[in-house]
Amino acid sequence: MKQSAGSLLTAVFIGLIVLSTVSSLNGVLAQTDSYSITQIDHQVQVMYSGNVAIFDTIHVSGQITNGFKIGLPYKYSAEVLKVIAYDEKQEYNIKRGVPLDDHNGFYGVEVNFEGNSPSVFTVAFVLSNQLVSETDNGGYIVDFPAYPSLTQNVKTCNVDITFSNSPTTIIINKADGIKTSNSYVRADLPAYTYVIAQANATLPVGTLQIATINSLNHKITIDATGKVATEDTYQITSKSVAPLSAFVLSLPLEATNVVVKDQAEETLPIKLTENSDILLVSVSFGAFINQGQKMSVTAQYNLPGAELQNVDYVLRDFKVFPDLQYLVEKATAVFSFPEGATLVLPQITTLDTSATLTRNTYQDILTIEAEDVSYVDYLAHQQNIVELSYNYNPVWVSLRATFWAVLAAAIGCVVIFAYQIHKSREETYENRAERIASSSQPDGETNPDQQITTENIKDFLETYESKKQLKAELRSLDAKAQKGKIQRQQYKLQKKTVEAQIEGITRNIDRKKALWKSVSGIYPDLIIQIELAETDMAEAEKSMETLVVLYSKGEISRENYKQSMINHQKVYDKAETAIKGILQRLREKIR
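What comes next concerns the included structure. (Residues numbered from 1 in each chain as written. Predicted model: local features only at pLDDT ≥ 70, side-chain atom pairs only at ≥ 80, totals over all residues. Heavy atoms only, no water.)

## Structural notes on the overall build of the protein chain
- Each helix and strand in the protein chain was counted, giving seven helices and 29 strands.
- Classification of the 591 residues of the protein chain by burial places 40% in the buried group.
- Of all intrachain contacts in the protein chain linking residues separated by at least 6 positions in sequence, the fraction that spans at least 24 positions is 74%. (Helix = DSSP H or I, 4+ residues; strand = E, 2+ residues; numbered from the N terminus. Buried < 20%, exposed > 50% of the residue type's maximum accessible area, 1.4 Å probe, protein only. Contact = heavy atoms within 4.5 Å.)

Shown next as structure tokens:
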């Protein structure tokens, strides 16, 4: 009996402990979930390039003590390019790819408020343009989540879908009803809502140009007076079923003297339109761009110059990239400051990994890289706006002119002096190659067992001959252009094609040289001789070009010009003869 009473008391005691623990946990959970979502604004914005941005602005009542979770139906997970969260004061960290509690079928993100508890904040999803397709009648279908997916109920959800121009007609199909306007309201939105929607819209011409903007090279050059000249080069790939004949570029509202050129540097017709705080430039292409084809366009324009404040020049609130109404996969901004200028702000220690500051002897260059760039990036507290400040001494303006004047005065004397003291017995390429080989370590690992075959020699000779023929073709093009025998546009296109071929063959030859250097025998020595001769030829060509410029400006005398040209031509001829001799020796080995 006593044992039964003791067991009963023990059970009661354990029950009290459990009830106390549960009560404490309920208190903690109540504290954790001490907020409710009173309203959410679900804005779906279709960019000019067809990319989709979804802005979910959440209004909460109470305190958010832990992270906040929000998501999309999982079918959109592969299309998510970027997610940011922010309120009117700051941007918050995001953790992507988290589950929405124990519910499957969602792509979730979690916002870390780091101790803050905002009453209104926004989570923005940037999606690819795979969600937009064209219809046979010239319309567009946009696939999007009809509502956000949350972990608790929402009293009111306001939904809007917008384009760069208002649609003529729109029909939105979703599981809970069809809408014929671009906005609708859902009361008492349940937690973990999974509803897909499709908007079938008829849009004004030019509202959408489905394309991938592969890259943007944004060059900002500041001259000695503080003037800012900008050049934006876009690489665009058409994804539109209909041929692409135009595109709308986004420039800063302050842009002036706007000129747009194609890849052949031909000026294209444009139309400028001010829209809010951006300048839209409608560019008409010279030819249609079909689906899958690429197009390169360059916009050149001026921006307000740097202002002198105290001892520094300042560009305040400068946007790293324009307020883009489309998405750029990879963007690079390069700031080139005047020669002699020193960048003061931003400081090197404050730059993140996306920024690189290069300090050359005479010039500072700041490079900033970014991915998946659009106007969405500027909504999170202007994170892409910087204050640029640099120190500059105007004395540098005359430095280059002074340098060239001194160089021009001295070049004749130096050339003649060098020619007079030149050794009576010139060192041969064989001797130079032997001296280099004996005094330096090999660049890579050698393989004495590797042999150069007849096929290797034949392949090297054919490749080298192809490079010579392409260079001759390039010289012929230059001559035709100077004589006006070829149209300028055709000349530029052909020149770019030939230069690209030369560059490819040069890389191929370099790989073959590396192979030959790794073997034993005479072949490494022959390659070194060819490289020495090639270097001499390139230096001689460059020197002769410089002499032509100096002589045309009257900065050297006729006698110095003629004598210097003769000396450099001798160097060039000697190097060319040496290469011909080496190639002839190789040909004899395969006969």
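## Examining the layout of surface pockets
- As a volume, the largest pocket reaches approximately 800 Å³.
- Along the walls of the largest pocket sit 35 residues, with Tyr48, Ser164, Gly206, Thr207 and Leu208 positioned nearest its centre.
- Tallied by class, the residues present in the lining of the largest pocket amount to 17 nonpolar, 16 polar and two charged. (1 Å grid on protein atoms, 1.4 Å probe; cavity = no way out; pocket = protein on both sides within 12 Å on 5 of 7 lines; lining within 4 Å. Points joined across faces, edges and corners; volume = space filled by probe spheres on them. Nonpolar A, V, L, I, M, F, W, Y, C, P; charged D, E, K, R; others polar.)

## Considering the sheet that holds strand E16 (residues 211–222)
- Spatially, seven strands are ordered E19-E22-E17-E16-E25-E28-E27 in an open sheet, and the strand pairing comes out mixed. Each of the sheet's edge strands pairs with one partner strand only, and the pair in question is strand E19 (256–262) and strand E27 (355–359). Averaged over all pairs of adjacent strands, the angle between their axes in this sheet comes to 15°, without regard to strand direction.
- Of the strand pairs in this sheet, E16 and strand E25 (residues 328–336) are connected by eight bridges, and their pairing is parallel. Residue lysine 219 lies in a different strand from E25, and its bridge partner there is valine 334. (Pairing = 2+ DSSP bridges. Axes fitted to C-alpha atoms, helices over the stretch in contact; angles between N-to-C directions.)

## Considering the sheet that holds strand E15 (residues 196–202)
- Read from one edge to the other, the open sheet built from five strands follows the order E8-E9-E15-E12-E13, with strand pairing classed as antiparallel. Looking at strand neighbours, the two that pair on one side only are strand E8 (132–134) and strand E13 (177–179), the edges of this open sheet. Ignoring which end each strand starts from, the neighbouring axes of this sheet average 20° apart.
- Inspection of the sheet shows strand E12 (residues 169–174) paired to E15 by six bridges, in the antiparallel sense. When the sheet's bridge partners are listed, asparagine 173 is paired in E15 with glutamine 198.

## Some points on the pattern of salt bridges
- Counting across every chain of the model gives twelve salt bridges.
- Residues lysine 82 and aspartate 377 are paired through a salt bridge, measuring 2.6 Å at the closest nitrogen-oxygen approach. Remark: aspartate 377 occurs in the loop between strand E28 (364–373) and strand E29 (385–391) and lysine 82 occurs in strand E4 (residues 80–86); sequence separation between them is 295 residues. Pair check on accessibility: lysine 82 and aspartate 377 agree, each one buried. (Salt bridge = Lys/Arg side-chain N within 4 Å of Asp/Glu carboxyl O.)

## Overview of the nonpolar core
- The biggest cluster of nonpolar side chains holds 53 residues, and the ones touching the most others in it are Tyr234, Phe247, Leu249, Phe285, Val297, Phe335 and Phe337.
- For this core, the element with the highest residue contribution is strand E21 (residues 278–289), accounting for seven residues.
- Phenylalanine 247 has contacts with Tyr48, Gln209, Ala211, Ile213, Ile236, Val281, Ser282, Val283, Phe285 and Tyr326, leaving out every residue within four places of it along the chain.
- In terms of nonpolar packing, the next biggest core, distinct from the first, is built from 50 residues, Ile40, Ile161, Ile172 and Leu203 among them. (Core = buried A, V, L, I, M, F, W, Y, C linked by side-chain atoms within 4.5 Å.)

## Thoughts on the packing of aromatic side chains
- Tallying each qualifying case throughout the model produces 13 aromatic pairs.
- Here tyrosine 234 and tyrosine 326 contribute two aromatic rings whose centre-to-centre distance is 5.9 Å and whose plane-to-plane angle is 75°, an arrangement assigned as edge-to-face. Placement of tyrosine 234 in strand E17 (residues 228–238) and of tyrosine 326 in the loop between strand E24 (312–319) and E25 is noted, with a sequence separation of 92 residues between them.
- In textbook terms, an aromatic cluster arises when at least three aromatic residues are bridged by ring pairs, as seen for Tyr35, Phe68, Tyr92, Phe113 and Phe121.
- The ring of tyrosine 184 is capped by lysine 174, whose NZ or CZ atom sits 4.5 Å from the centre of that ring.
- Above the face of the tyrosine 147 ring, arginine 186 is positioned so that its terminal group lies 5.4 Å from the ring centre. (Phe/Tyr/Trp six-rings, centres within 6.5 Å; stacked < 30°, edge-to-face > 60°. Lys NZ or Arg CZ within 6 Å of the ring centre and 35° of its normal.)

## A look at the side chain of glutamine 529
- Within the element layout of this structure, glutamine 529 appears in helix H6 (residues 523–552).
- Polar contacts involving the side chain of glutamine 529 include one to the side chain of aspartate 525, which spans 2.6 Å. (Polar contact = N/O pair within 3.5 Å; in protein donor to acceptor, adjacent residues only side chain to side chain.)

## Examining the environment of leucine 327
- Turning to its location among the elements, leucine 327 is positioned in the loop between E24 and E25.
- For the pair formed by leucine 327 and isoleucine 213, sequence separation is 114 residues and the distance between their alpha carbons is 6.7 Å.
- When neighbours within four sequence positions are excluded, leucine 327 is seen to be in contact with Met47, Ser49, Asn51, Leu81, Val126, Ile213, Asp372, Val373 and Ser374.

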